[in-house]
Structure formats: structure tokens, C-alpha cells
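What the coordinates show
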Amino acid sequence: MNTDLRILIIDDQRPNLDLMEQLLVREGLSNVLSSTQPLRTLDLFNSFEPDLVILDLHMPEFDGFAILEQLSRRIRAGEYLPILVLTADATRETRLRALALGAKDFISKPLDALETMLRVWNLLETRALYKTLRTLVPDHEIELLRQAGKL
């Protein structure tokens, strides 16, 4: 798998970012940008163009739900860009709300290192396959398939 895929991590707690960065680097994923400032997420997203976003939900000032709403307007229709939510709140309401806003998977805090990396690798593999497909099938053909109801 391509280890050059870009990962953006947003969490208001520096120790959480440090832990995620250590896990990723240990797996050979070093193209990582992280921030404790959720208000900067959209700027970082636009400039870094990540292949995976790892996002804490409960943060002061600007929570993960607000970020999911922003990103859902930024990610174009038909694009597959995985967002992995980290949360200590694993209630059904929270999961459904995050999924409805575009999250693709969840990890409950405290993190289990093996489960976390398995989920990260699964999402990155799907993203890499999506990017490969996009290079093989021109945009206009995808649009024709979409219009014909085959996508």
C-alpha cells in the first residue's frame, strides 16, 4: 500500500494527536498533518488535500459535527474521502449524526492501537483504490454512468 497518502488529524488535545501520530509513523505513514485548532480545519484541508481525515467530535468552540458539515460542502459529490471519527461518546445518536454528516467509521476512546490501525488501513486502502479508479475512468464516463443510473 502507498504510504505517501496524506492524513489530517484534528483533536483539541495534544496528547491525543501525539498518540495518533506515533501509531501512524510506526506503520510507515509519515505524511501526517495535525492540529489542535478545529477552526483551522477547512484551511488545512484545502491546502493539504488529505486522503483521510481523523476527527475528534467533542471539542470546544468548534466541534467535530460543525467540521463534518463544513467538509460535506467541500467534498464534491461522488468523491470518496474517508473521515474517521474519534469519540468517547459512542451513543447511537452521536454515531448516526456523524454518519449522516459524512463520517465513514468510528473509533471509541480510549483507543485500541491495533483496532485503530486496522481501521485506518482499511479506509486508506479504499481511498487508494478510489484514486486508482479515477485515473482509469475519465470523469465524463463516470458522469454518464451516474446519469444512466448505473452508479
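Residues numbered from 1 in each chain as written. Predicted model: local features only at pLDDT ≥ 70, side-chain atom pairs only at ≥ 80, totals over all residues. Heavy atoms only, no water.

1. As for the pattern of salt bridges
Threshold: Only one rule defines a salt bridge in this text: a Lys or Arg side-chain nitrogen within 4 Å of an Asp or Glu carboxyl oxygen. Buried means the residue's accessible area, taken with a 1.4 Å probe over protein chains only, is under 20% of the maximum for its type, while exposed means over 50%, and partly exposed covers the values in between. Starting at the N terminus, helices and strands are each numbered in turn, a helix being any DSSP run of H or I of at least four residues and a strand any DSSP run of E of at least two.
Taken as a whole and judged by the stated rule, the model has ten salt bridges. Between R14 and E21 there is a salt bridge, with the nearest N and O atoms lying 3.8 Å from each other. Its relative accessible area of 22% is what places E21 among the partly exposed residues. Notably, a salt bridge pairs R119 with D105, separated by 2.7 Å at the nearest N-O pair. With a gap of 14 residues between them, R119 in helix α5 (residues 113-136) and D105 in strand β5 (residues 105-108) connect regions that are remote in the sequence. Overall, the relative accessible area of 25% leaves R119 in the partly exposed class.

2. A word on the nonpolar core
Taken as a class, soluble globular proteins show a tendency for nonpolar side chains to be buried jointly. Counted only if it meets this: To form a nonpolar core, buried Ala, Val, Leu, Ile, Met, Phe, Trp, Tyr and Cys residues must be joined to one another through side-chain atoms within 4.5 Å. Throughout, a contact is declared for two residues whenever any of their heavy atoms are within 4.5 Å.
One finds L55 and A98 to be the most contacted residues of the largest nonpolar core, which totals 22 residues. Mapped onto this core, the elements with two or more residues apiece are β1 (7-10), α2 (41-48), β3 (52-56), α3 (64-74) and β4 (83-87). Top element by residues in this core is α3. It accounts for four residues. Residues contacting L55, with those up to four places away along its chain left out, are I10, G64, I67, L68, I83, L84, V85 and L86. Of all hydrophobic cores here, the second largest spans 20 residues; its members include L5, I7, L17 and L123.

3. Quick notes on the pairing of β5
For a regular strand, the rule is simple: side chains alternate between the two faces of the sheet. Rules: At least two bridges found by DSSP between two strands is the condition for calling them paired. Handedness rule for crossovers: strands pointing away from the viewer, path from the first strand over the helix to the second running clockwise, crossover right-handed.
Of the pairings in the sheet, the one linking β4 to β5 comprises four bridges and is parallel in character. Looking at β5, one finds that V85 is bridged to F106. Between the parallel elements β4 and β5, the chain passes through helix α4 (residues 92-100) in a crossover that is right-handed.

4. Here we look at the UniProt feature "modified residue: 4-aspartylphosphate" (unreviewed entry) in the protein chain
Note the following rule: UniProt positions are given in the numbering used here, feature names are shortened, and annotations may be inferred rather than shown by experiment.
Here the UniProt feature "modified residue: 4-aspartylphosphate" (unreviewed entry) sits at D56. Here D56 falls in the buried class, since its relative accessible area comes to 4%. Those residues within four positions of D56 in sequence are excluded, and the remaining contacts are I10, D11, D12, G64, L86 and K109.

5. Some details on the environment of R74
Its place among the elements puts R74 in helix α3. Put simply, R74 and L52 are 22 residues apart on the chain and 14 Å apart in space, counted from C-alpha to C-alpha. Apart from the residues within four sequence positions on either side, R74 is in contact with L42, F45 and N46.

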